[in-house]
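The chain contents come next:
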Amino acid sequence: MGQKPGKPDEDLSKIVRGGEFKRILETTTDGVVTLDKLGRYTYANAAAERILGVSRELILQRTFDQAEWKFSTLKGDPLPSEEIPFKRVLQETKSVYGMKLVIERPDGERIVTSTNAAPLFDADGHFDGIVGVITDFSEQQELQEHNLAFHHTVAHDLRGPLTVIQGHAELLKEAFRQGDVKGSVVLNVEEILDGAGKMNAMIEDLLETSRIEGGQVSLRQEPIELENFVWSFLQNSQKAITLNRLATRIPQGLPAVSADPARLERILLNLVSNALKFSPAESKVIIEARKMGSEIAISVIDQGKGIAPEDCSRLFKRFFQVKGLQASSGVGLGLYICRLLVEGHGGHIWVESKLGEGSIFNFTLPIAAEDHLLSLNR
C-alpha cells in the first residue's frame, strides 16, 4: 500500500540528519526551520541564521514568541501573536502559505519575507511539529515600492500641466461660442479637450492602481440593493455611456450585496464602458445578476468580436491589452483595477468569451450579513 499523505515513515530529525538532505537544506537560499509541538525551534539552516540575524545556537534556545527577532506587518505595526504563522499552525493544524511579514532583527534591520508554515505528522498521523520556510522578499518589495512611487510621481507630474490645458481649452471654447465662432477652430478646441480627457483617465488609472496596491484604499462596505443601485448608476453615468444600448436582468427579491458603493460604480463603469466600446454600435449590452451560493454574481454581456482563449487568462493583469482592438485608448489598467477592487471585496472576477460570439464579464460580491440587512430596513 502507498504511504498516506502527511504521514512520513521516518522521524523528521532523522531525515534532517541524513547527509544528502542536510546538504540541500544548508545550501538553499530560503530559511528553513522546524518547531516542536510547544513552538520551540528544533532546527534552523544557514539561511535562517542570515535572515533572522541570530546564530543557530540561539535560535534553538527559543520559542517562536520568545526570540530576539520580532514579527511586524508590512506597514511596520507589531504582528499580533495569533497572526504569527507558526502560532496559526499550532492552533489550527493548517498550513499558511505566502504570508508577507517583516522580521525585525536584533541589529535593527528589517527583512521583508514571504513565509510558509505547515504542520508535520508522525507515522501514526499525530501532529508532531511545524516546518517553516522563510523567503527573503526585501529586494522584490523594494522594487515594487519604487514601481508604485514611479506611477504616483508620473501621474502627479502629468496632472498639473494637463489641468492647465483643460482649463484654458474650456475658456477658449466658451469664448468662441459667445463670439459665434464656428468651423475648424471650435473643432480644434474640442479635440484638445477630448485628448486631455483621455490623458486624465489614464492618470486616474495610474493613481488608482498605486493607491490600491499601496494599501491606501479602504473599502466602506454596506448593504446594497442591486436593482435600485444599477438604475441609479445608469442615470448618473449618462455622459459616459449610451443608455439606449443597455438592458438589465436583475430579478426582484435578490439578496443585497455587501459592497463599497463608489468602488462598485467604478467596477460597473469599467466593464460597461468596455462592452459598449468593443461591440457593434447597434448591439445591446446587458447587465445581469443572480444568486450563486453565498454570493451574488453580476455579469456584463456584450455581442462583440469575442476574445481569444490565450488572452482571456491574461486579461486582468496589469498593463495587458488585447492586440488588434483599435478602440483602446487606455494604458491597460481598467480591468486590472476591477480585479483588485473585486478581490478586495472578497469576490472574484472572470471572463467567458468565444471569438465571434461576444463576451461575458462576471464578478461576484458577498451577500450582506443579516445584521446589516436589519439596519438597512429600519
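Residues numbered from 1 in each chain as written. Predicted model: local features only at pLDDT ≥ 70, side-chain atom pairs only at ≥ 80, totals over all residues. Heavy atoms only, no water.

### What about the overall build of the chain?
Inference 1: A tally of regular secondary structure across the chain gives 12 helices and 13 strands.
Inference 2: The burial tally for the chain puts 38% of its 378 residues in the buried class.
Inference 3: Taking as baseline every contact in the chain between residues at least 6 positions apart, the subset at least 24 positions apart corresponds to 60%.
Inference 4: Surface summary for the chain: the accessible area is close to 21,200 Å², and the carbon and sulfur share equals 52%. (Helix = DSSP H or I, 4+ residues; strand = E, 2+ residues; numbered from the N terminus. Buried < 20%, exposed > 50% of the residue type's maximum accessible area, 1.4 Å probe, protein only. Contact = heavy atoms within 4.5 Å. Areas by Shrake-Rupley, 256 points an atom, 1.4 Å probe, with all protein chains shown as cover.)

### Focus: the pairing of strand 4 (residues 96–104)
If a strand is regular, its side chains alternate between the two faces of the sheet.
Inference 1: In this structure, strand 3 (residues 70–72) lies alongside strand 4, joined through 3 bridges in antiparallel fashion. When the bridges of strand 4 are listed, Phe71 appears paired with Ile103.
Inference 2: Across 7 bridges, strand 4 lies against strand 5 (residues 110–121) in antiparallel orientation. Across the sheet, residue Ile103 finds its bridge partner in strand 5, namely Ile111.
Inference 3: Counting the residues between successive antiparallel strands, the hairpin from strand 4 to strand 5 contains 5 residues, one of them, Gly108, with a positive phi of roughly 95 degrees. (Pairing = 2+ DSSP bridges.)

### A closer look at helix 5 (residues 85–92)
Inference 1: Among the residues of helix 5, those classed as buried are Pro85, Phe86 and Val89. The buried residues of helix 5 occupy an angular sector of 100 degrees when the element is viewed end-on, so they sit on one face.
Inference 2: With its phi angle positive at about 50 degrees, Thr93 sits one or two positions after the end of helix 5. (Arc of directions from axis to C-beta.)

### Observations regarding the confidence of the model for the chain
Inference 1: Chain-level pLDDT for the chain is 82 on average; 84% of the residues reach the 70-or-more range.
Inference 2: Here residues 1–10 scores under 50 on pLDDT; set against residues more than four positions off or in separate chains, the count is 11 contacts.
Inference 3: Long-range and interchain partners of residues 373–378, a stretch whose pLDDT sits below 50, account for 5 contacts in this model, where long-range means more than four residues apart. (pLDDT = per-residue confidence, 0-100.)

### A few points about unusual backbone geometry
Inference 1: At Thr93, a residue that is not glycine, the phi angle is positive and equals roughly 50 degrees.
Inference 2: Within the element layout of this structure, Thr93 appears in the loop between helix 5 and strand 4.
Inference 3: Overall, Thr93 belongs to the partly exposed group, its relative accessible area being 32%.

### Let's talk about the packing of helix 8 (residues 226–236) against helix 9 (residues 261–277)
Inference 1: Two numbers describe how helix 8 lies on helix 9: the axes approach to 11 Å, and their chain directions differ by 65 degrees. Crossing handedness for the pair helix 8 and helix 9: right-handed. On helix 9, the residues touching Leu226, Phe229, Val230, Phe233 and Asn236 of helix 8 are Pro261, Leu264, Glu265, Leu268, Leu269 and Val272.
Inference 2: Among the residues making up the contact of helix 8 with helix 9, the classes are represented as 9 nonpolar, 1 polar and 1 charged. (Axes fitted to C-alpha atoms, helices over the stretch in contact; angles between N-to-C directions. Left-handed = near helix turned anticlockwise from the far one by under 90°. Nonpolar A, V, L, I, M, F, W, Y, C, P; charged D, E, K, R; others polar.)

### A closer look at the pattern of salt bridges
Inference 1: Following the criterion strictly, the structure yields 11 salt bridges and no others.
Inference 2: The partner of Arg249 in a salt bridge is Glu288, and the shortest N-O contact between them spans 3.2 Å. Note that Arg249 is positioned in strand 8 (residues 246–249) and Glu288 in strand 10 (residues 285–292), a separation of 39 residues in sequence.
Inference 3: Since its relative accessible area comes to 45%, Arg249 is described here as partly exposed.
Inference 4: Note that Arg339 and Glu343 form a salt bridge whose closest N and O atoms lie 3.5 Å from each other. Of this pair, Arg339 and Glu343 are both found in helix 11 (residues 334–344), 4 residues apart, which corresponds to roughly one turn of the helix.
Inference 5: For Glu343, a relative accessible area of 42% gives the class partly exposed. (Salt bridge = Lys/Arg side-chain N within 4 Å of Asp/Glu carboxyl O.)

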